[in-house]
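A closer look at the structure
In case you want the letters, here they are:
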Amino acid sequence: MSTTVLWISVLAACVLGFVTKYLGHLVPESLVDGRRRSRVIGLLPVALLAGLVVTQTVGGDDGLVLDARLAAVALAMVLLWLRANFVVVVFAAAALAAGLRALGWG
């Protein structure tokens with residue numbers, strides 16, 4: 001892929017993101033009113049983020065990959081469940097992944 005094509009793709013993605021956000025502000029309030037709709041709209045980012053985390057954790061070129069990332073995410077989940085500080089969670093998960101990779105569990 002040439003540099004020009006890459007930059008055009010990046011700029012197009014930026015414009016598309018801006019337009020999407022702008023159109024979201026133009027949606028009439030009557031379309032997002034109501035308890036059920038508000039709840040669903042509030043939970044959509046959580047579902048999308050969860051899907052992204054799972055994809056990045058166990059996704060690979062040839063299928064599922066079980067490596068140090070999965071152990072690090074599991075540790076992060078436990079620490080968050082125990083209400084640990086977020087910075088502690090990030091550093092502990094990174095340290096575990098680095099340690100496991102240093103031991104050869106790629």
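Look a little higher up for the structure.
Owing to the predicted nature of the structure, the values given are computational and were not obtained by experimental measurement. (Residues numbered from 1 in each chain as written. Predicted model: local features only at pLDDT ≥ 70, side-chain atom pairs only at ≥ 80, totals over all residues. Heavy atoms only, no water.)

**Some thoughts on the overall build of the chain**
Looking only at helices and strands, one finds 5 helices and 0 strands in the chain. Each helix (α) and strand (β) of the chain, taken in turn from the N terminus, gives the series α-α-α-α-α. Rg of the C-alpha trace for the chain: 20 Å, well past the compact-globule value of 13 Å for 106 residues, more than 25% over. Going through the 106 residues of the chain one by one, you find that 10% of them count as buried. Contacts in the chain between residues far apart in sequence, at least 24 positions, make up 36% of those at least 6 positions apart. Accessible surface, the chain: about 8800 Å² in total, of which carbon and sulfur atoms supply 72%. Treating the 8 positive side-chain charges of the chain as one cloud and the 5 negative ones as another, the clouds have centres 11 Å apart. (Helix = DSSP H or I, 4+ residues; strand = E, 2+ residues; numbered from the N terminus. Rg over C-alpha atoms; globule rule 2.2 N^0.38 Å. Buried < 20%, exposed > 50% of the residue type's maximum accessible area, 1.4 Å probe, protein only. Contact = heavy atoms within 4.5 Å. Areas by Shrake-Rupley, 256 points an atom, 1.4 Å probe, with all protein chains shown as cover. Lys, Arg positive; Asp, Glu negative; His and termini not counted. Charge placed at Lys NZ, Arg CZ, Asp CG, Glu CD.)

**Here we look at the environment of G99**
Its location among the elements puts G99 in helix α5 (residues 86-102). Judged by relative accessible area, G99 falls into the partly exposed class, the value being 31%. Separated by 77 residues in sequence, G99 and Y22 have C-alpha atoms that sit 44 Å apart.

**Quick notes on the nonpolar core**
Within the largest apolar cluster, 8 residues are counted, these being A68, A72, A76, L79, V89, A93, A97 and L100. Residue assignment for this core shows that the elements contributing at least two residues are α4 (68-81) and α5. Residues in contact with A93, not counting those within four places in the same chain, are A72, L75 and A76. (Core = buried A, V, L, I, M, F, W, Y, C linked by side-chain atoms within 4.5 Å.)

**Let's talk about the packing of aromatic side chains**
The description of an aromatic ring pair rests on the distance of the ring centres and on the angle between the ring planes. Here the structure, examined in full by the defined rule, presents 1 aromatic pair. Note on F18 and Y22: the rings are 6.3 Å apart at their centroids and 15° apart in plane angle, and the pair reads as stacked. Residue F18 and its partner Y22 are both found in helix α1 (residues 3-26); the two are separated by 4 residues, about one turn of the helix. Judged by its relative accessible area of 47%, Y22 falls in the partly exposed class. (Phe/Tyr/Trp six-rings, centres within 6.5 Å; stacked < 30°, edge-to-face > 60°.)

**Some thoughts on the side chain of T57**
In this fold, T57 is placed in helix α3 (residues 35-58). On the basis of relative accessibility, which here comes to 8%, the residue T57 falls in the buried class. Residue contacts for T57: discarding those within four places in its chain leaves V65, D67, R69, L70 and V73.

**Focus: the side chain of D67**
On the secondary structure map, D67 appears in the loop between α3 and α4. Those residues within four positions of D67 in sequence are excluded, and the remaining contacts are T57, R101, W105 and G106.

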